[in-house]
Amino acid sequence: MKVIILGSGTSQGVPIVGCKCAACTSTNPKDKRLRVSAYIEAEIPKENDKYLRLLIDTSPDFRQQMLINNVVDIDAILFTHYHIDHIMGLDDIRQINQLHKKTVDVYANGETLERIKQTFSYIFDKNTYRGGGIPKINVKEIGLDKFSISGVEITPIEYRHGPATVYGFRIGDFAYMTDCNKIPEKEYEKLKNLKVLVLDALRYRPHPTHFSIDEAIEASQKIGAAQTYFTHITHDVIHDKANQRLPKGIELAYDRLAFEI
Ligand SMILES: [Zn+2]
Ligand SMILES: [Zn+2]
Ligand SMILES: [Zn+2]
């Protein structure tokens, strides 16, 4: 499978509008962070050269992320939770509908789907005029049970994000866990023998709803993936400086980072 980090930034992105700090004024492309999202191509079992194209979250930067990374098709979207920085790009799925003449499947837990229905009420309102301007999606509610899409098995992982509950996803030897500040003990079972983990690490200072870098290092070492990338990074963090200080096997993610597993 192939993974592209479409965005590695916190909810406001980096640079933050009007901010003159060192990260926001950095010329290093790795300090330019769109809102968090990932694109995955997973091989469909028993079908040679056929890939399932998955998008994790539709960030407010979704359109730009598709253009920058030359992603032109999506089969299904997995939503981690309903916070605006993770859902706001959903309307732009219209271009996938039109380009490929298809409806896109959307997977999320009940609470996330409920909030998506409130935020994007026009998509679900039978009275909305459907003249091509409305996303075509099939919503599928998931729980904590494993599920599969075109034979690709996906395991939801449930964890805390302050008062909110978020789903991460394990696909093969890869797991993606953004917006996290506490992983329940029982969920560590699902995270054994990972080749790559993407995990939330907002900044150095503690935060009530996100792992700090030190907390994320502790959780990463407990999980023990061969390689861990930190994401959802704010402007307190300067890529090169912070990256040098991380233990072996842990690095900061950055926009357009791509890897194969
Ligand atoms: Zn977020
Ligand atoms: Zn700044
Ligand atoms: Zn969030």
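None of these values were measured; they are calculated from a predicted model.

Visitor: It is not clear to me how the sheet that holds strand β10 (residues 174-177) should be interpreted in this structure. Could you clarify?
Guide: The pairing of strands in a sheet happens through backbone hydrogen bonds and is either parallel or antiparallel. Pairing is mixed in the open sheet, where seven strands are placed in the order β7-β8-β9-β10-β11-β12-β13. Only two strands of the sheet have a single partner each, and these edge strands are β7 (147-149) and β13 (250-252). Pairs of neighbouring strands in the sheet enclose a mean axial angle of 25°, with direction left out of account. Across five bridges, strand β11 (residues 196-200) lies against strand β12 (residues 227-231) in parallel orientation. Looking at β12, one finds that Val 198 is bridged to Tyr 229.

Visitor: Would you take a moment to explain the environment of Ile 233 for this structure?
Guide: Its place among the elements puts Ile 233 in the loop between β12 and α7 (239-244). Look at Ile 233 and you get buried, because 28 C-beta atoms sit within 10 Å. Residue contacts for Ile 233: discarding those within four places in its chain leaves Ser 8, Gly 9, Thr 10, Arg 33, Ala 201, Leu 202 and Leu 252.

Visitor: Whenever I open this one, the sheet that holds strand β4 (residues 76-78) confuses me. Can you help?
Guide: Strand order in this open sheet of seven strands is β6-β5-β4-β3-β2-β1-β14, and the pairing throughout is mixed. The open sheet has two edge strands with one neighbour each: β6 (137-141) and β14 (258-260). Recorded for the sheet is a direction-independent mean angle of 20° between the axes of neighbouring strands. Across six bridges, the pairing between strand β2 (residues 37-43) and strand β3 (residues 51-56) is antiparallel. Opposite Ala 42, over in β3, you have Leu 52 as the bridge partner. Running over the sheet, helix α1 (residues 62-69) touches β1 (2-7) and β2 and is turned about 130° from β1.

Visitor: Just to check I follow, could you spell out the nonpolar core for this structure?
Guide: Side chains of a nonpolar character, in soluble globular proteins, are inclined to be buried together. Residues Ile 77, Phe 169, Leu 199 and Phe 230 are the most contacted members of the largest nonpolar core, which totals 62 residues. When near neighbours in sequence (up to four residues on either side) are disregarded, Phe 169 contacts Ile 56, Leu 78, Ile 154, Thr 155, Pro 156, Ile 157, Ala 175 and Tyr 176.

Visitor: Explanation requested: the pairing of β3 in the structure shown.
Guide: Where a strand is regular, its side chains alternate between the two sheet faces. Taken together, the three bridges between β3 and β4 define a ladder with parallel strand orientation. The residue bridging Leu 55 from the neighbouring strand is Ile 77, located in β4. In this fold, β3 hands off to α1, which returns the chain to β4; that crossover is right-handed.

Visitor: Help me understand unusual backbone geometry in this model?
Guide: What you tend to see is this: most non-glycine residues have negative phi, and most peptide bonds are trans. Cis geometry is adopted by the peptide bond preceding Pro 15, which originates at Val 14 and carries an omega value of 5°. With respect to the helices, strands and loops of the structure, Pro 15 is situated in the loop between β1 and β2. One non-glycine residue, Lys 46, lies in positive phi territory at about 65°. With respect to the helices and strands, the residue Lys 46 is situated in the loop between β2 and β3. Residue Lys 46 is classed as exposed on the basis of its C-beta count, with 7 C-beta atoms lying within 10 Å. Phi is positive for His 232, which is not a glycine, with a value near 60°. Along the polypeptide, His 232 turns up in the loop between β12 and α7. When the 28 C-beta atoms within 10 Å are taken as the criterion, His 232 is described as buried.

Thresholds applied
Each chain carries its own residue numbering, running from 1 in the written order of its sequence. Whichever chain is written first is A, and whichever ligand is written first is 1; the rest continue in order. Thresholds applied to this predicted model are a pLDDT of at least 70 for local features of residues and 80 or more for the giving and counting of side-chain atom pairs; totals over whole chains, interfaces and linings are not thresholded and use all residues. The pairing criterion for strands is at least two bridges between them, as found by DSSP. What counts as a helix is a DSSP run of H or I of at least four residues, what counts as a strand is a run of E of at least two, and both are numbered from the N terminus. Every axis in this analysis is a line fitted to C-alpha atoms, fitted for helices over the stretch in contact. Angles between the N-to-C directions lie between 0 and 180 degrees. Once C-beta atoms are placed from the backbone, each residue is buried if 20 or more other C-beta atoms lie within 10 Å of its own, exposed if 12 or fewer, and partly exposed for counts between those two. The contact criterion used is a C-beta to C-beta distance within 7 Å, with each C-beta placed from the backbone. A set of buried residues drawn from Ala, Val, Leu, Ile, Met, Phe, Trp, Tyr and Cys, joined through C-beta atoms within 7 Å, is what defines a nonpolar core. Crossovers are described as right-handed under a simple rule: with the strands pointing away from the observer, the path leading from the first strand over the helix to the second runs clockwise.

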